[in-house]
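# Fold and geometry: a report
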Amino acid sequence: MEWSAKWIAPAQDMGDVCAVFVKEFSKGDNISKAELFITAMGVYEARLNGVRVGDFVLAPGWTSYEKRQQYQCYDVTGLLKEENSLEVTVGKGWYRSPIPGWTNEEGKNKKAHLPAGLIAQLVLTGEDGSKKVVITDESWTAKESRIRFSEIYDGETCDATFEATETQPVVCLEKGTQNLIPQQGEKIREEEYVAAERVFTTPKGETVVDFGQEVTGYVRFTVDAKAGDRVEISHGEVLDKEGNFYNANYRSAKAKLCYTCKDGVQTYQPHLTFFGFRFIRLDSFPGTPVPEQFTAVAVHSHMKRTGRLSSSNPLLNRLFSNVVWGQRGNFLDVPTDCPQRDERLGWTGDAQAFVKTASYNYDVERFFTKWLADMAADQFADGSIPHVIPACGLGSGSAAWDDAATICPWQIYMTYGNPEILRQQFDCMKNYIGFITSSTKDEYLWTGGTHYEDWLGLDAPVGSYKGSSRADFIASAFYAHSTSLVVKAGKVLGEDVSGYETLYDNIVKTFRKTFTDYRTQTEMVLAVHFGLAEDLQKTADQLAEKVIADGSKLQTGFVGTPYLLHVLSGYGHTDLAYTLLLRREYPSWLYPVTKGATTIWEHWDGIMENGDFWSTDMNSFNHYAYGSVADWVYEEAAGIKPEEPGFARVRIAPKPDSRLEWLEVSLETRHGLVRSSWSHIEENGCKKVRYEIITPSPSVIVIDGKEKEVEAGEYVICVDEI
Ligand code: BGC
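Residues numbered from 1 in each chain as written. Predicted model: local features only at pLDDT ≥ 70, side-chain atom pairs only at ≥ 80, totals over all residues. Heavy atoms only, no water.

## Structural notes on the sheet that holds strand β35 (residues 699-703)
The four strands are arranged β30-β31-β35-β36 in an open sheet whose pairing can be described as mixed. Across the chains shown, the open sheet's two edge strands, defined by having one partner strand only, are β30 (640-642) and β36 (706-710). Each strand of the sheet is rotated relative to its neighbour by a mean of 20°, with strand direction disregarded. (Pairing = 2+ DSSP bridges. Helix = DSSP H or I, 4+ residues; strand = E, 2+ residues; numbered from the N terminus. Axes fitted to C-alpha atoms, helices over the stretch in contact; angles between N-to-C directions.)

Following this line, the structure appears as structure tokens:
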């Protein structure tokens, strides 16, 4: 794309008010096609002749803007008239909102001084192939919009009675186009609509609407009002133990929607921001509200749903649903830790924990391809990876967080089978290993540095967020694992990786010499899962013993949890894995479900047994990381694993458990639909397990330890229960 357009901004800064850029133009003769190429320093919404252009919400999405800024292309042929008016509203978005929420005054000032920039190029193609362009330049004008305030964390304020009476000139910015790239990720869209379940009065006397489901997006409401009536809405995820509205856990994010009504019946929804919420409090609302007036609009990256899980256990089904809603709520262009408080950042550690589950639930190849390209762009010169991508000045160099650099591309390759992602990321992967090698205190280990460790592990000493597993142990284990992934990726790409193979051998040898005992659940999990323990079976047995000695409870945090059940069931402890999965008491995956969770919580006890909150400062109720348990259900309970990248060959080894009557799992792979289900049945007085398997490619089916090579097809197998 050749840009002749210039970046423009209002000649006078409009402060918090969102600017509308306006251009009037004539179509001209014999035009057969019109395409609008556009992006902004913020988020934009374009209208041609009053009609919304496209359905991309919060365009242009979030990238490492200075290095890579996406532009979108819309076919607007159908909206074109003889005389045209193109209007583009630009809000602060991620570009100009102070992110993260604890940004200091200097950072806030810097953001506040960024102009509300817009660049657009409308290409009109004639029937004869000739091209005419309408570009952003000094001929555009700007005016104030009805949106008086819009920002990522604090929300939006709209005055429907406002009519701009003045326009002002625009200025061209000294800003190039070399960082502009075509839309690479999925577009963000309105994807689900959740009707309000009830409107009620809390013990405090406040009016609250409950949608019954936590979503990320915004509220659409309809109201019959008089000009000047006020709507004020606060957002919250949960009620407190008295049943009152609560959102202290949003920290500094105000998450408010304010609207001044015009006369008559009107429907409004915010345009340039989003919230994470299940409840809204009506701080001001004309008339007596009823549920029919409110819809929660879920907004996220447009991804194709590929995986489905269901079972005979309703609590487990709610957990599966929470995992999916957690993904919807946090896959808004960037894989974020949470969608509500003053973070909503692309935390690498969370993404690597969840990437496998994410890639089974939905087709996220494109989504991760874009995010990982930002990671490569933001990687520091020393090879370390910023803690959040796009980077926001939060530092780098934490084991298991930075390892998103190797784990995510490798998983995307395994799920979808396309080596392109490895090619794109290979330098980033290698440079990351180089960072560890040059920054460690001890050769062939990763010692020293500052890490998040086994973040939120339950064996954390009092007052700490970090579990008791040794930092050097975790870091060295990930050093080995990431090096092994560089070796594997290099082999796929036909690169010489002999140096990395030697490095890997040395790390493993040194690891074994240094760490001769395993002290925590997470240490045992890593030692087995990354193949570091000398005797894998013995260490897995030791883990099982420890879990039982700990009261058949998990103690793991962000680092150990994603692999815990895999290690147990991989070494003969499937029974115990199910015990953990089906446990309802704290700590467990189902405990939050018993407390009414509709998404995955950041803490196993975000709401404690007595109804108190874990804390106010770090207590998200939509944090997908622990939702990674779903990949165990796909791969172990239902037994669907890629035997070759992209499921070109599948290994189907279901592991039923008598505590579930049945389980049914399907996965739409690049090679077609894989389905694995099992149920406990009775036949002629005999208890049996009935398996139904569909595979689109040649596969290995493993039932009761017996392996069978099969062609693509449908298989029903019945086996006597032991
Ligand atoms: C985020 C996490 C993240 C962590 C780093 C938190 O504030 O919400 O999910 O990984 O910081 O330890």
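## Section: the nonpolar core
Judged by nonpolar contacts, the single largest core of 221 residues is most densely connected at W94, F211, F221, F294, F368 and L565. Here the element with the most residues in this core is helix α8 (residues 471-493); it accounts for 12 residues. Residue contacts for F294: discarding those within four places in its chain leaves A195, A196, V209, F211, V219, R220, F221, I280, L282, F285 and P289. Residues Y246, Y591, A597 and W601 belong to the second largest nonpolar core, which totals eight residues. (Core = buried A, V, L, I, M, F, W, Y, C linked by side-chain atoms within 4.5 Å. Buried < 20%, exposed > 50% of the residue type's maximum accessible area, 1.4 Å probe, protein only. Contact = heavy atoms within 4.5 Å.)

## Structural notes on the sheet that holds strand β34 (residues 686-695)
Strand order in the open sheet formed by five strands is β26-β32-β33-β34-β37, and the pairing between neighbours is antiparallel. Lying at the two open borders of the sheet, with one neighbouring strand each, are β26 (307-311) and β37 (713-720). Within this sheet the neighbouring strands show an average axis-to-axis angle of 10°, counted without direction. Looking at chain direction, β34 and β37 are connected through eight bridges and run antiparallel. Within β37, the position partnered with R690 by the bridge is C718.

## Description of the packing of helix α4 (residues 348-361) against helix α6 (residues 404-416)
Relative to each other, α4 and α6 sit at 5°, their axes nearing to 9 Å. Here α4 lies roughly parallel to α6, going by the angle between them. On α6, the residues touching T348, A351, Q352, V355, K356, S359 and Y360 of α4 are A404, I407, C408, Q411, I412, T415 and Y416. By residue class, the composition of the contact of α4 with α6 is eight nonpolar, five polar and one charged. (Parallel < 35°, antiparallel > 145°, perpendicular 65-115°, else oblique. Nonpolar A, V, L, I, M, F, W, Y, C, P; charged D, E, K, R; others polar.)

## With respect to the UniProt feature "domain: Alpha-L-rhamnosidase concanavalin-like" (unreviewed entry) in the chain
Summarizing the sequence annotation, UniProt attributes the feature "domain: Alpha-L-rhamnosidase concanavalin-like" (unreviewed entry) to residues 201-300 in the numbering used throughout. This span, residues 201-300, is 0% helix and 58% strand, and a straight line between its end C-alpha atoms measures 31 Å. (UniProt positions renumbered as here; feature names shortened; annotations may be inferred.)

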